[in-house]
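Residue-level structural notes
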Amino acid sequence: MAASVREKQTVALKRMLNFNAPPLKNTAAEPVWKVLIYDRFGQDIISPLLSVKELRDMGITLHLLLHSDRDPIPDVPAIYFVMPTEENIDRICQDLRNQLYESYYLNFISAISRSKLEDIASAALAANAVTQVTKVFDQYLNFITLEDDMFILCHQNKELISYHAINRADIQDTDMEAIMDTIVDSLFCFFVTLGAVPIIRCPRGNAAEMVAVKLDKKLRENLRDARNSLFTGDSMTAGQFSFQRPLFVLVDRNVDMATPLHHTWTYQALIHDVLDFHLNRVVMEEGMGVEPSPAGARPKKKSRKTYDLTAADKFWQKHKGSPFPEVAESVQEELDTYRAQEDEVKRLKSIMGLEGEDEGAISMLSDNTAKLTSAVSSLPELLEKKRLIDLHTNVATAVLDHIKSRKLDVYFEFEEKLMSKSTLDKSLLDIISDPDAGTPEDKMRLFLIYYITAQQAPSESDLEQYKKALLDAGCDLSPLNYIKQWKAFTKMAATPANYGNSGVKPMGLFSRVMNTGSQFVMEGVKNLVLKQHNLPVTRILDNLMEMKSHPETDDYRYFDPKMLRGSESSIPRNKNPFQEAIVFVVGGGNFIEYQNLVDYTKVCLSRGRRLFMAAVSSSMRLSSSNSSPNLAKSDMDIDNM
């Protein structure tokens, strides 16, 4: 798999936008102007991959939501990119009846059923528009790629496949089947786009096993029909054939409940935890610390500002997995470098301006002229650099405000010690009772981590004391009630997760890490350095990739969709270590696990291996539901990791 998932999905989208023909290499040719009609699902798939400028370059003059009020544009072809839902099909039929466009290219994100296809055909006949429906395609693009090595299943209706949805006490069998089918459909689309049939490994007796069984069946059925298989012949582009098939590891969220609740210390994970960050876009309210309006004056409206954190942003690509203090230093260094370059341009301009009237002096300034010409030619690059510096200064400042106001450095360090069974330097009760330390949700997350990772549950009297402190801090105890039931059940079912030798190395407080002109006042915030360790999900992956014998993974089921007969065996037929792997957490992954896998990937790359990550439900939040909590926002918008 030479190309990344992001590249493959982008290529598939560009092909679709070129009427399902490969885009021409000759960019000088004028594109065919057309309209793009998408639903919310299609919008979410396209927006992290293609900018408005890229759409314009491909001839998309208008991009509109399917269910918006659209005027007829009779001499323009329309490309539709929508889910094959009843509601969407009805609207497409209405468009045909209203003769909105010259021709219709219908692209369905997921495979459309025959009955719905017949509904469109009937509407086209009734509207006398059969010749206008030029092409109908199943695109198999029902997943969202956020990074080269990370995808999520969906952003719309993500709560329908969340940890909470899967683990509700009152869930019906039919509801569970529907959730599993939704997950499997997206995973099938992922492998079609990837052009690879994986070897599937999963634990027994949970939702991950249900997904594995259904996915194996769906892949097997597609491979059996050789003529229409999506994994052979023309549907496979050059370079996708490989002697090494990828390993697909399905993990159930219940294997590790502490990590999703954990406060974090890396840039990307912090942004997701404390800011409004979805589909690689941060939405912030400007002027959060604005001075109050004069008495009697109407309060100023807070303007909302959006920032896109894209693959083209080199600073983001380099530092998204770095500890926050390191990011703050790097932003300051970038700013200082930019100011030095800006001052050089101003100095050269000033020399040219001062001596411009002296004809004799101009000939002596040829060297400065060359320098100025070079500086001016690099201005666009300099302006873009300034834009990115401003972006990260604003985002990092907003994150820092949260760290300081909620004492997130204290939470992170304390939780790391709890998870690594290190000696604690202060009592848990002190942090919960401290009115200045974090929000009620922060306190509940901390206590749940203590409860999950404790070798022995606290005594009833201690628990009552903790409960009283949590209630006094304004916490809702519903998540604790669920975790108590969950822990009692998992104690019977399996051994608790081991978090390895994690922990942090405190480097003292930030006193004057930055110079006096720094944008970041870091005083009082701990300078914590992360230690390298493997989280449970990474450890499971390592065992399966390296074919290690380990009690944690020895009982994992083994599925090979290419085998003629399905096998109940958990004994892998492949005895060689895998070169490529995809990890998926049923119930939701998080950016902490993603970053841990990225660090593990760097080790794999040194051995010539590659890794893709994904996460299954968007975020788990603390909720007051009586059954299972939507646990916490530190887990990610990643759908499956």
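Bear in mind that the values here come from a model prediction, so they are computed numbers and not experimental data.

**Re the sheet that holds strand E2 (residues 60-65)**
In spatial order, the strands read E2-E1-E3-E4-E5; together these five strands make up an open sheet with parallel pairing. At either margin of the open sheet sits one strand with a lone partner, and together these are E2 and strand E5 (133-138). With direction set aside, neighbouring strand axes in the sheet form an average angle of 20 degrees. In this structure, strand E4 (residues 101-108) lies alongside E5, joined through five bridges in parallel fashion. In the strand pairing of E5, Asn 107 is matched with Phe 137.

**Some remarks on the packing of aromatic side chains**
Counted under the stated rule, the structure contains 24 aromatic pairs. Each ring, one from Phe 151 and one from Phe 584, has its centre 6.5 Å from the other, and the planes form 25 degrees; the classification is stacked. Of this pair, Phe 151 sits in strand E7 (residues 150-152) while Phe 584 sits in strand E16 (residues 580-586), and the two are 433 residues apart along the sequence. With a relative accessible area of 0%, Phe 584 lands in the buried category. Centre to centre, the rings of Phe 188 and Phe 231 are 6.1 Å apart; their planes meet at 80 degrees, and the pair counts as edge-to-face. Here Phe 188, found in helix H7 (residues 173-194), pairs with Phe 231, found in the loop between helix H8 (207-224) and strand E9 (247-252); they are 43 residues apart in sequence, far enough to count as distant. With a relative accessible area of 6%, Phe 231 lands in the buried category. Three or more aromatic residues joined by ring pairs make a cluster, and in this case those are Phe 143, Phe 151, Phe 190, Phe 191, Phe 248 and Phe 584. Here Lys 218 stacks its cationic end above the ring of Phe 188, 5.2 Å away from the centre of that ring.

Rules used in this analysis
Residues numbered from 1 in each chain as written. Predicted model: local features only at pLDDT ≥ 70, side-chain atom pairs only at ≥ 80, totals over all residues. Heavy atoms only, no water. Pairing = 2+ DSSP bridges. Helix = DSSP H or I, 4+ residues; strand = E, 2+ residues; numbered from the N terminus. Axes fitted to C-alpha atoms, helices over the stretch in contact; angles between N-to-C directions. Phe/Tyr/Trp six-rings, centres within 6.5 Å; stacked < 30°, edge-to-face > 60°. Buried < 20%, exposed > 50% of the residue type's maximum accessible area, 1.4 Å probe, protein only. Lys NZ or Arg CZ within 6 Å of the ring centre and 35° of its normal.

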